[in-house]
Amino acid sequence: SPVKSVSALWAIAPLDVAKVVEECHDAAVADALAWLETHAAFTRSGTDGVAQVDTTGLIGAAFTHRDSRAGDPDLHTHVAISNKVATVGADGVLRWLALDGQPVYRFTVAASELYNTRLEAHLGQRLALRFADVVGEGRGKRPVREIVGMSVELMAAWSSRRLAIEARTADMAKQFQATHGREPTHVETIALAQQATLETREAKHEPRSLAEQRQTWRGQAIEVLGGVRELTAMLGAALSTPAQQLDAVDGDWIEARAANVIATVAQSRATWQRHHVLAEAQRLVRSSGHATNAKLADKITHTALAEPM
């Protein structure tokens, strides 16, 4: 699922631009799935599944949706992955076994961050879009990278589903504190948010064509922004942002960023594994403007985890 500014641009941009945005989303999803196939598609064999063995890849069905239950533009893709995978044994025989779900679960965040990085790269290469950090409200919230030039007011207006979930989560957190005499832990807060998501879920609306949705979203955007001229100006600003001057990437740059990654991960975790460092490296690559450098996150991760000389 992309950030809100991507869905907003896709919803109201001219059709040829909207088509490119969707193609970039599809390409980033494919990149993330290919990465999962390489790093998380394993099965188990032997007594009690003692051996973790490689597979020929994943089988999945992808379903792309265009809106949220509240009717806001929300371009996103659900991928149902089969729990059956094929592996070739030492005897050369192809066997179908169960997918080892632990690596898939463990690498979910890293795959999500890779999707975000690749989406920025595709959109930057094909539409010259620029992204910048937007600091979220609330304690400890990470910045969210949105398209430069997109209206904050419009993105807020099209986040009604998220706002409803956050409001219900806040109410439940207050109730939790009154009952238990303490604030909920991070894990408990996640559980409250999941419950709030279910409690605020609206019934699905009647199906609408893409043309009907685009007409509705255009009208809403004109109302929020104040007129057709303002809408046109916003789209022009988003699609013609000057290129960013980037720092040159060399060995010293990578070593400095590797140290930053370890420091950031260490602030939130007592222990960590490679996928935690890789996820943070992906975030750093985006924030530095180097999303198109497909190998940079791996180089930062390798340097961060290398034994000191």
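Above this text sits the structure in question.
Read on for a plain summary of the structure. Treat the numbers as computed from the prediction; the structure is a model and nothing was measured. (Residues numbered from 1 in each chain as written. Predicted model: local features only at pLDDT ≥ 70, side-chain atom pairs only at ≥ 80, totals over all residues. Heavy atoms only, no water.)

Some details on the layout of surface pockets
For step 1, the next point in the chain: Its boundaries defined by the atoms lining it, the second largest pocket holds a volume of some 280 Å³.
For step 2, the next point in the chain: The wall of the second largest pocket is formed by 17 residues, among which Gly124, Leu129, Arg130, Gln244 and Gly289 lie closest to the centre.
For step 3, the next point in the chain: Take the lining of the second largest pocket: its biggest share by element is three residues, from helix H4 (residues 108-127).
For step 4, the next point in the chain: For the lining of the second largest pocket, the class distribution of residues is eight nonpolar, five polar and four charged. (1 Å grid on protein atoms, 1.4 Å probe; cavity = no way out; pocket = protein on both sides within 12 Å on 5 of 7 lines; lining within 4 Å. Points joined across faces, edges and corners; volume = space filled by probe spheres on them. Helix = DSSP H or I, 4+ residues; strand = E, 2+ residues; numbered from the N terminus. Nonpolar A, V, L, I, M, F, W, Y, C, P; charged D, E, K, R; others polar.)

Digging into the nonpolar core
For step 1, the next point in the chain: Counting 60 residues, the largest nonpolar core has Ile12, Leu123 and Ile300 as its most contacted members.
For step 2, the next point in the chain: At the level of elements, helix H1 (4-12), helix H2 (15-40), H4, helix H8 (210-225), helix H9 (228-239), helix H10 (251-268), helix H11 (274-287) and helix H12 (296-305) are the ones that each hand at least two residues to this core.
For step 3, the next point in the chain: Excluding anything up to four places from it in sequence, Ile300 contacts Trp253, Ile254, Arg257, Ala258, Val261, Ala281, Leu284 and Val285. (Core = buried A, V, L, I, M, F, W, Y, C linked by side-chain atoms within 4.5 Å. Buried < 20%, exposed > 50% of the residue type's maximum accessible area, 1.4 Å probe, protein only. Contact = heavy atoms within 4.5 Å.)

Thoughts on H9
For step 1, the next point in the chain: Between its terminal C-alpha atoms H9 stretches 17 Å, which fits the 16 Å expected from 12 residues at 1.5 Å a residue.
For step 2, the next point in the chain: The set of residues buried in H9 consists of Leu231, Met234, Leu235 and Ala238. Seen along its axis, H9 keeps its buried residues to an arc of 95°; they face one direction.
For step 3, the next point in the chain: In this fold, the buried residues of H9 make contact with H1, strand E8 (144-147), helix H5 (152-157) and H8. (Expected span 1.5 Å × (residues − 1). Arc of directions from axis to C-beta.)

As for the environment of Glu212
For step 1, the next point in the chain: In this fold, Glu212 is placed in helix H8.
For step 2, the next point in the chain: Here the side chain of Glu212 touches Ser209 through a polar contact of 2.9 Å, landing on its backbone nitrogen. (Polar contact = N/O pair within 3.5 Å; in protein donor to acceptor, adjacent residues only side chain to side chain.)

Description of the pattern of salt bridges
Any two side chains of opposite charge can pair if their charged atoms end up close together.
For step 1, the next point in the chain: Overall, the coordinates contain 16 salt bridges when judged by the stated rule.
For step 2, the next point in the chain: A salt bridge links Glu280 to Arg142; the nearest nitrogen and oxygen atoms lie 2.8 Å apart. Of this pair, Glu280 sits in helix H11 while Arg142 sits in the loop between strand E7 (131-134) and E8, and the two are 138 residues apart along the sequence.
For step 3, the next point in the chain: In this structure, Arg257 and Asp247 form a salt bridge, with 3.8 Å as the shortest nitrogen-oxygen distance. In this pair, Arg257 sits in helix H10 while Asp247 sits in the loop between H9 and H10, placing the two residues 10 residues apart along the sequence.
For step 4, the next point in the chain: What makes Asp247 partly exposed here is its relative accessible area of 49%.
For step 5, the next point in the chain: Residues joined by salt bridges that share partners form a network here, namely Glu113, Glu120, Asp133, Arg142, Arg145, Glu280, Arg283 and Arg286. (Salt bridge = Lys/Arg side-chain N within 4 Å of Asp/Glu carboxyl O.)

Digging into the pairing of strand E3 (residues 60-67)
For step 1, the next point in the chain: Summarising the sheet, E3 and strand E4 (residues 73-81) pair through seven bridges and their orientation is antiparallel. The partner of Ala61 across the bridge, within E4, is Ala80. (Pairing = 2+ DSSP bridges.)

Topic: the pairing of strand E6 (residues 94-98)
For step 1, the next point in the chain: Strand direction decides the pairing type here: strand E5 (residues 84-88) and E6, joined by five bridges, are antiparallel. Looking at E6, one finds that Val88 is bridged to Leu94.
For step 2, the next point in the chain: Two successive antiparallel strands, E5 and E6, enclose a turn made up of five residues, where Gly92 displays a positive phi of approximately 85°.

Points about the packing of aromatic side chains
For step 1, the next point in the chain: This structure, assessed with the given rule, holds two aromatic pairs.
For step 2, the next point in the chain: Each ring, one from Trp10 and one from Trp217, has its centre 5.7 Å from the other, and the planes form 55°; the classification is tilted. Highlighted residues: Trp10 in helix H1 and Trp217 in helix H8, separated in sequence by 207 residues.
For step 3, the next point in the chain: Look at Trp10 and you get buried, because its relative accessible area is 3%.
For step 4, the next point in the chain: According to the relative accessible area criterion, Trp217 is buried, its value standing at 0%. (Phe/Tyr/Trp six-rings, centres within 6.5 Å; stacked < 30°, edge-to-face > 60°.)

Quick notes on the side chain of Thr55
For step 1, the next point in the chain: For Thr55, the location among the structural elements is in the loop between strand E2 (51-54) and E3.
For step 2, the next point in the chain: Residue classification places Thr55 among the buried residues on the basis of a relative accessible area of 14%.
For step 3, the next point in the chain: A distance of 2.8 Å separates a polar side-chain atom of Thr55 from the backbone oxygen of Ala41.
For step 4, the next point in the chain: A polar contact of 3.3 Å, which involves the side chain of Thr55, links it to the backbone nitrogen of Gly57.

Looking at the packing of H10 against H12
For step 1, the next point in the chain: Between H10 and H12, whose axes approach to 8 Å, the crossing angle comes to 70°. Considering the angle they form, H10 stands roughly perpendicular to H12. Note on element contacts: H12 touches H10 through Leu296, Lys299, Ile300, Thr303, Ala304 and Leu305, opposite Trp253, Ile254, Glu255, Arg257, Ala258, Val261 and Ile262.
For step 2, the next point in the chain: Grouping the amino acids of the contact of H10 with H12 by side-chain chemistry returns nine nonpolar, one polar and three charged. (Axes fitted to C-alpha atoms, helices over the stretch in contact; angles between N-to-C directions. Parallel < 35°, antiparallel > 145°, perpendicular 65-115°, else oblique.)

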